[in-house]
Amino acid sequence: MELEYFRFYERPIKAIELMKLYNDAGWWEERKEQDIEEMLKREISIGVWKDGTLIGFARAVSDGKFRAYIEDVVIHKAYQKSGIGKNLVSKLLDELSHIDVISLFCEEHLIPFYKKNNFKYSKSQFVLHRK
């Protein structure tokens, strides 16, 4: 399988492409194309393409020095469990290698996946949301 991994500044991701990927995953149907375009301009992101189609995406929010937070790691259902996600996260971590602390939130069943990229579960911190 011929895959191409590119950072956003190497090959920009179109909002409509990402919306299709989110839709495949059952994510973020409330997000609008214009808002996704704005998000993509501000984030550190990596895309994976196969035959010109976006099949994977990951992004990070960061202050550029001390902290980064990985968000929206998504692989098209047809390509999950093939190592693409692990490679995608690894490439995103390469982009963030100058950052002191890199964090993420995930569902419990995804902890083994993130452990493959050396993330560790922390019992000492709690996630709080405000909405």
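Above: the structure in question.
Residues numbered from 1 in each chain as written. Predicted model: local features only at pLDDT ≥ 70, side-chain atom pairs only at ≥ 80, totals over all residues. Heavy atoms only, no water.

Helix and strand counts for the protein come out as four helices and five strands. Going from the N terminus to the C terminus, the protein shows its helices and strands as β-α-α-β-β-β-α-β-α. Against the compact-globule benchmark of 14 Å for 131 residues, the protein has a radius of gyration of 15 Å, which places it among compact chains. Along the longest, intermediate and shortest principal axes, the C-alpha atoms of the protein span 40 × 30 × 30 Å. Counting only residues that meet the buried cut, the protein has 34% of its 131 residues in that class. Contacts in the protein between residues far apart in sequence, at least 24 positions, make up 63% of those at least 6 positions apart. (Helix = DSSP H or I, 4+ residues; strand = E, 2+ residues; numbered from the N terminus. Rg over C-alpha atoms; globule rule 2.2 N^0.38 Å. Buried < 20%, exposed > 50% of the residue type's maximum accessible area, 1.4 Å probe, protein only. Contact = heavy atoms within 4.5 Å.)

Quick look at the pairing of strand S5 (residues 101-104) now. Two strands pair when backbone bridges link them, and strand S4 (residues 67-75) and S5 are joined in this way by four bridges, in the parallel orientation. Within S5, the residue paired with Tyr69 across the bridge is Ser103. Each parallel crossover has a hand, and for S4 linked through helix H3 (residues 84-95) to S5 it is right-handed. (Pairing = 2+ DSSP bridges. Right-handed = clockwise from strand over helix to strand, strands pointing away.)

Another aspect to go through is the environment of Tyr22. By the secondary structure assignment, Tyr22 is in helix H1 (residues 15-25). With 25 residues separating them in the primary sequence, Tyr22 and Gly47 have C-alpha atoms 13 Å apart. If we skip the residues at most four places from it in the chain, Tyr22 touches Trp27, Trp28, Arg31, Ile36, Met39, Phe57, Arg59, Asp72 and Val74.

Before going further, it helps to spend a moment on the nonpolar core. In this structure, Ile70, Leu88, Leu92, Leu96 and Phe119 are the most contacted members of the largest nonpolar core, which totals 20 residues. Broken down by secondary-structure element, the contributors of at least two residues to this core are strand S2 (44-50), strand S3 (53-62), S4 and H3. The contacts of Ile70, once residues within four sequence positions are left out, are Arg59, Ala60, Leu92, Leu93, Leu96, Ile102, Ser103, Leu104 and Phe119. Counting twelve residues, the second-largest nonpolar core is a separate cluster that includes Ala15, Leu40, Trp49 and Phe57. (Core = buried A, V, L, I, M, F, W, Y, C linked by side-chain atoms within 4.5 Å.)

Once that is clear, we can look at the packing of aromatic side chains. Applying the stated rule across the entire model yields five aromatic pairs. On the basis of an interplanar angle of 55° and a centroid distance of 5.0 Å, the ring pair of Tyr69 and Phe105 is categorised as tilted. Of this pair, Tyr69 sits in strand S4 while Phe105 is found in the loop between S5 and helix H4 (111-115), placing the two residues 36 residues apart along the sequence. One aromatic cluster is present, formed by Phe113, Tyr114 and Phe119 through successive ring pairs. Sitting over the ring of Trp28, Arg31 keeps its end group 3.8 Å from the ring centre. Seen from the ring of Tyr5, Lys91 lies directly overhead, with NZ or CZ sitting 5.0 Å from the centre. (Phe/Tyr/Trp six-rings, centres within 6.5 Å; stacked < 30°, edge-to-face > 60°. Lys NZ or Arg CZ within 6 Å of the ring centre and 35° of its normal.)

So, about the sheet that holds strand S1 (residues 3-7). Spatial strand order, S1-S2-S3-S4-S5: five strands in an open sheet with mixed pairing. Edge positions in the open sheet fall to S1 and S5, since each of these has one partner strand only. Within this sheet the neighbouring strands show an average axis-to-axis angle of 20°, counted without direction. Strand direction decides the pairing type here: S1 and S2, joined by five bridges, are antiparallel. The residue of S2 that forms the bridge with Arg7 is Ile46. Where helix H2 (residues 33-42) meets the sheet, its contacts fall on S2, S3 and S4, and the angle it forms with S3 comes to roughly 60°. Packing of H3 onto the sheet brings it into contact with S1, S2, S3, S4 and S5, and relative to S2 it is tilted by some 145°. (Axes fitted to C-alpha atoms, helices over the stretch in contact; angles between N-to-C directions.)

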